[in-house]
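Structural overview
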Amino acid sequence: MKKYALILAAGKGTRMKTELPKCAFPILGKPMIEYIVENLEKSQIDEIVTVVGHKKEVITDLLKERSTYAIQEEQLGTGHATLQAASLLEDKEGVTFILPGDMPLMEYPLMDKIIRSHEEMGNDLTIVSMMFDNPKGYGRVVRDEYGVVTSIVEEIDCNDAQKQIKEVNSSVYVVNNQALFQTLKKVKKNDRKGEYYLTDIVELMHQTHKVNTFTVRDPRVTMGINDLYNISIAEKILRDHINKSHMLNGVSIINPETVTIGHDVIIEEGVWIYPNSTIVGDSIIKKYAKIGPNSEVRDSIIDEYAEIRHSLVIDSKVGKYTTVGPFAHLRGHTDIGEHNRIGNFVEVKNSTTGKDTKAAHLSYIGDAIVGNRVNFGCGSITVNYDGVNKHKTNIGDDVFIGCNVNMVAPLTVSDEVFIAAGSTVTKDIPKGSLSIARNQQINKEDYYKHLIKPKNDK
Ligand code: UD1
Ligand code: CA
């Protein structure tokens with residue numbers, strides 16, 4: 001039997017009070033809905049359908065061909081949203097695993113377990129429920145005196161007794177396709193909210209079909225995200241989970257509550273991560289590297305034994321044994337070689353360096369190809385931008401760049417060159433040269449007194 005997943009992601013997410021549609025909102029740097037799709041792809045689901053509506057392009061741009069789409073033009077509730085997939089699913093033999101796009105923490109082994117339980121019990125409808133001491137905001141699972149589920153009642157429609165029910169609807173269901181769409185067509189608009197509730201299928205099905213619950217043990221994985229406070233809670237849960245798994249794999253994390261590691265980051269054993277650090281995107285941290293304190297690494301590769309302290313590394317690579325920081329910024333496809341030192345207040349953009357190169361203080365290196373054993377003196381920079389275009393600087397091996405040198409690009413500095421401090425270099429420098437490009441110093445002896453009158457001069 002084929003298994004379909006139906007993600008409901010058309011809602012406005014009014015309670016979020018943000019521009020971005022809720023299901024696209026990031027959790028640890030990754031859109032919520034991507035977590036769901038990734039897990040579905042790993043599960044036994046054969047095909048994913050997503051219901052989109054409010055700002056639908058944002059969602060379809062994120063998921064592209066990973067899903068097919070049903071469109072809900074007007075947001076008339078979860079029942080109405082599900083019905084929009086009828087043309088795609090109602091004629092198909094099989095089950096549909098319905099889940100909301102605002103529930104990013106459920107992982108595929110649990111998804112598979114829920115689907116398996118639906119099949120093994122021979123259910124027509126399985127409602128995934130959870131127990132909450134404080135069930136506020138969730139639909140309550142109402143049972144009769146024999147414990148049979150008879151309906152789900154939304155918070156605003158609950159009477160006082162129903163409000164006390166601690167078993168709530170997670171908004172995840174497994175339903176046999178035909179039963180689902182036949183029943184959905186009978187769902188009436190809820191007067192109070194003016195919406196068609198998906199939850200109303202429970203009351204319509206319980207006498208004619210086999211309706212059961214699957215209760216998840218850890219309600220944290222089925223929490224729904226409705227506002228920015230929920231986002232922070234989900235991030236905390238996910239952060240703890242991710243950090244713990246790295247620690248169990250041999251990564252030392254100091255003060256882990258202050259360390260954020262994205263879902264897709266790879267960290268090898270023996271790495272140390274110090275407080276207030278963020279490592280996100282497609283980053284890889286190799287053995288024995290040290291990150292932090294106070295550093296951000298995004299979409300970057302940090303090689304073995306490298307150290308990043310109080311610094312920002314974006315879209316870049318840092319070679320073995322290289323130290324970065326404090327207060328350095330690498331970005332724009334920078335590739336720093338082995339045994340380099342990129343020190344205090346140094347920015348490197350779209351540049352590569354060879355081995356044993358150093359820029360220890362106050363440099364800007366942009367659009368440059370730099371060789372081995374190059375020393376950037378304090379304050380030396382590449383002048384890569386003329387106000388219109390960016391130009392390249394090529395620097396060979398064994399080059400010594402004095403303090404406060406401006407290298408005006410396009411420029412080639414060959415091997416074994418020494419550039420005198422304070423030079424503004426505009427012409428290529430041949431191999432083996434000493435280059436001086438500054439005015440000669442003049443010392444006018446005995447001249448001070450013409451400029452500054454001594455204070456005790458009467
Ligand atoms: C829903 C359930 C509630 C459950 C809770 C669990 C209903 C009526 N209520 O309430 O029983 O306890 O989830 O988190 O189903 N959506 C659409 N189109 C719409 C409306 C919503 O696609 O017209 C999507 C949203 O994008 C969202 C999901 O459906 O991803 C759930 O909608 P939401 O408004 O968050 O439902 P809840 O009020 O949380
Ligand atoms: Ca919700």
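Residues numbered from 1 in each chain as written. Chains lettered and ligands numbered in written order. Predicted model: local features only at pLDDT ≥ 70, side-chain atom pairs only at ≥ 80, totals over all residues. Heavy atoms only, no water.

Next up on the list: the site of ligand 1. Lining the immediate surroundings of ligand 1 are 25 residues, of which Leu8, Gln72, Thr78, Glu154 and Asn169 lie closest. At 3.2 Å from an oxygen atom of ligand 1 is found a side-chain nitrogen or oxygen belonging to aspartate 102. Within the side chain of glutamate 154, a nitrogen or oxygen atom sits 2.6 Å from an oxygen atom of ligand 1. If ligand 1 stood free it would expose 760 Å²; the protein chains cover 91% of that surface. Using a 2 Å cut-off from the grid points, one finds that ligand 1 occupies the largest pocket. At the level of secondary structure, the elements contributing two or more residues to the shell around ligand 1 comprise strand S1 (2–9), helix H3 (78–83) and strand S10 (167–176). The dominant element in the shell around ligand 1, judged by the number of residues it contributes, is S10, at three residues. Residues of the shell around ligand 1, tallied by class, amount to nine nonpolar, 12 polar and four charged. (Near = heavy atom within 4 Å. Polar contact = N/O pair within 3.5 Å; in protein donor to acceptor, adjacent residues only side chain to side chain. Areas by Shrake-Rupley, 256 points an atom, 1.4 Å probe, with all protein chains shown as cover. 1 Å grid on protein atoms, 1.4 Å probe; cavity = no way out; pocket = protein on both sides within 12 Å on 5 of 7 lines; lining within 4 Å. Sits in = over half its atoms within 2 Å of the grid points. Helix = DSSP H or I, 4+ residues; strand = E, 2+ residues; numbered from the N terminus. Nonpolar A, V, L, I, M, F, W, Y, C, P; charged D, E, K, R; others polar.)

Turning to the coordination of the calcium ion (ligand 2), a few remarks are in order. Around the calcium ion (ligand 2), the protein contributes the donor atoms Asp102 (OD) and Asn226 (OD1), which lie 2.4 to 2.5 Å from the metal centre. With aspartate 102 in the loop between strand S6 (94–100) and helix H5 (108–121) and asparagine 226 in the loop between strand S11 (211–215) and helix H9 (228–248), this residue pair connects regions lying 124 residues apart in the sequence. Considered together, aspartate 102 and asparagine 226 belong to a single accessibility category, that of buried residues. (Donors = N, O, S within 2.8 Å, 3.2 Å for Na, K, Ca; no water. Buried < 20%, exposed > 50% of the residue type's maximum accessible area, 1.4 Å probe, protein only.)

Let's shift gears to the nonpolar core. Core analysis: the biggest nonpolar cluster contains 87 residues, and Leu40, Phe97, Ile273 and Ile302 have the highest contact counts within it. Here this core spans two domains, and each of domain 1 (3–222) and domain 2 (228–435) adds at least three residues to it. Leave out the neighbours within four places in its chain, and isoleucine 302 touches Ile284, Ile285, Lys286, Ala289, Ile291, Val297, Ile308, Val313 and Val318. Within the second largest apolar cluster, 29 residues are counted, among which are Ala81, Val175, Ala179 and Val211. (Core = buried A, V, L, I, M, F, W, Y, C linked by side-chain atoms within 4.5 Å. Domains from an automatic or database assignment. Contact = heavy atoms within 4.5 Å.)

Let us now look at the domain arrangement of the protein. Taken domain by domain, the protein comprises domain 1 (3–222) and domain 2 (228–435). Listed as interface residues are 13 residues of domain 1 and, on the opposing side, 15 residues of domain 2. On the domain 1 side of the interface with domain 2, the three residues burying the most area are Ile27, Leu28 and Leu105, jointly 47% of the side's total. Run the count over domain 1 and domain 2 and you get one salt bridge. Aspartate 264 is paired through a salt bridge with lysine 30; the nearest N and O atoms lie 3.1 Å apart. Linking domain 1 to domain 2 there are three residue pairs in polar contact (both at pLDDT 80 or more). Counting only elements with at least two residues in the side of domain 1 that touches domain 2, the list comes to strand S2 (26–27) and helix H1 (32–42). Looking at which element gives the most residues to the side of domain 1 that touches domain 2, the answer is H1, with three residues. For the side of domain 1 that touches domain 2, a count of residues per class yields eight nonpolar, one polar and four charged. (Buried area = accessible area lost by both parts, 1.4 Å probe. Salt bridge = Lys/Arg side-chain N within 4 Å of Asp/Glu carboxyl O.)

All right, on to the pairing of strand S7 (residues 125–131) then. Moving residue by residue along a regular strand, the side chains alternate between the two faces of the sheet. Counting buried residues along S7, six of its seven residues qualify, which places the element largely inside the surrounding structure. Two elements, S7 and S11, share five bridges in a ladder whose sense is parallel. Bridge assignment links isoleucine 127 to a residue of S11, and that residue is threonine 213. (Pairing = 2+ DSSP bridges.)

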